[in-house]
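In case you want the letters, here they are:
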Amino acid sequence: MKVTIKNLTKRFSDMTAVNDFSAVIESGELIALLGPSGCGKSTMLNMISGILAPTEGKIFFDDEDVTDLSPEKRGVGLVFQNYALYPHMTVLENICFPLEIKKVPKEERIARAKEMAKLVHVDTMLDRKPGQMSGGQQQRVAIARALVKQPRILLLDEPLSNLDARLRIEMREEIRRIQQETGVTTIFVTHDQEEAMSISDHIVLMKDGFLQQYAKPQELYDEPANCFVADFLGNPPINKANGVIKNGKIVLEGDCEVELEAAKNIAEGREVTLSMRAEAIIVGEAEKACVGTVEEVYVMGKEVLAYVSLGTTKVRAYIDAEKTFDKGQTVNIGLKKRGVFVFDKETGERLA
Ligand SMILES: Nc1ncnc2c1ncn2[C@@H]1O[C@H](COP(=O)(O)OP(=O)(O)O)[C@@H](O)[C@H]1O
Ligand SMILES: [Mg+2]
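Residues numbered from 1 in each chain as written. Chains lettered and ligands numbered in written order. Predicted model: local features only at pLDDT ≥ 70, side-chain atom pairs only at ≥ 80, totals over all residues. Heavy atoms only, no water.

A. Broad picture of the site of ligand 1. The local shell around ligand 1 consists of Phe-12, Met-15, Ala-17, Pro-36, Ser-37, Gly-38, Cys-39, Gly-40, Lys-41, Ser-42 and Thr-43. The fraction of the free accessible surface of ligand 1 (560 Å²) that becomes covered by protein chains is 57%. Put simply, the parts of the chain that give the shell around ligand 1 at least two residues each are β2 (15–25) and α1 (41–49). Its residues assigned to classes, the shell around ligand 1 comprises 5 nonpolar, 5 polar and 1 charged. (Near = heavy atom within 4 Å. Areas by Shrake-Rupley, 256 points an atom, 1.4 Å probe, with all protein chains shown as cover. Helix = DSSP H or I, 4+ residues; strand = E, 2+ residues; numbered from the N terminus. Nonpolar A, V, L, I, M, F, W, Y, C, P; charged D, E, K, R; others polar.)

B. Looking closely at the packing of helix α3 (residues 91–101) against helix α5 (residues 135–147). Following both chains from N to C, one finds α3 and α5 inclined at 30 degrees, their axes separated by 7 Å at the closest point. Considering the angle they form, α3 stands roughly parallel to α5. Here α3 runs over α5; the crossing is right-handed. Between α3, through Val-91, Asn-94, Ile-95 and Pro-98, and α5, the contact on the second element is made entirely by Val-141, Ala-144 and Arg-145. (Axes fitted to C-alpha atoms, helices over the stretch in contact; angles between N-to-C directions. Parallel < 35°, antiparallel > 145°, perpendicular 65-115°, else oblique. Left-handed = near helix turned anticlockwise from the far one by under 90°. Contact = heavy atoms within 4.5 Å.)

C. Highlighting the layout of surface pockets. In this structure, the largest pocket encloses a volume near 620 Å³. Val-76, Leu-78, Pro-98, Arg-145 and Lys-149 are, among the 21 residues lining the largest pocket, the residues nearest its centre. Put simply, the parts of the chain that give the lining of the largest pocket at least two residues each are α2 (71–74), β6 (76–79), α3 and α5. When grouped by side-chain class, the residues that make up the lining of the largest pocket number 14 nonpolar, 2 polar and 5 charged. Approximately 400 Å³ is the volume attributed to the second largest pocket. Leu-260, Glu-261, Leu-335, Lys-336 and Lys-337 are the residues nearest the centre of the second largest pocket, which is lined by 17 residues in total. For the lining of the second largest pocket, the secondary structure elements donating two or more residues are β19 (330–335) and β20 (340–344). (1 Å grid on protein atoms, 1.4 Å probe; cavity = no way out; pocket = protein on both sides within 12 Å on 5 of 7 lines; lining within 4 Å. Points joined across faces, edges and corners; volume = space filled by probe spheres on them.)

See below:
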């Protein structure tokens, strides 16, 4: 099912949690709704589910305007961070429960619940109570319970936040598998960029209630619309250095002149932020963009990371394990086209 969101706004008295938000979610896709805590992700999800009424705007499921429909009538499956299973019920009873409410005959609901339990891999634990299961297993049951009604859309609000790091990775892959097996259109809320990057077809990145960019994960990483998007994605975080455009060059704080083809068209005197991914900085390159000083070299397993000063700014760069550099050594720095961006220092607008 396709979801169309038109100019959606939610205000809580004088606070605008979601601001004029529009997007189309294609049928069968898994979308990550990504952004820092407090940016409006849950508010957005709760408006799609029908738990919250929007202040302005409309929501369509396919061609049907559902803006004024109750959650029950929308046909949504919900999963939250705290599994919210009924502790006194068994796994089977928990998964059956939504069908019981809909008065589905007993035999049919047990058959459907067992099918869902199999899909999420808890079919060997049907008689257990939630308290006898791990967090990951409980979240599997919660997903089965959300899917058993055959919802038109599955909405997950930070479903993995209560799990430890290893289980989180396992479960996010499981959510992807379950989503692909069922083909259900899914919106997955997370503040974890790596989680969003690893499982979604498209990412919606939000900040302060505003949509920042809606794109495929790789496109968000390679072509960020603004400085916030570039900062939010990637590990280690993107390197940033402030500078000003002089004679077609970027002069970074501390008088480091950077020659960058892409910066040649930016107006003289404009204050900019030069953002560089660690893998886009080449230390000891013949074709130099600027000159830097090696401050520190760290060997971390298969990767070698160098801290290099460009003027007064220290940046992280990956270096070839074969190359050796001394502390304090002056080096030529090359910059790749991919992973190097120029933003307006004030507004964060992308300039190059
Ligand atoms: N019921 C509410 N009343 C007042 N303010 C709210 C309410 N719900 C959320 N907010 C505010 O709206 C903003 C967005 O919240 P939320 O959607 O929960 O963010 P997220 O899920 O991205 O962390 C926050 O500033 C939050 O404090
Ligand atoms: Mg939230």
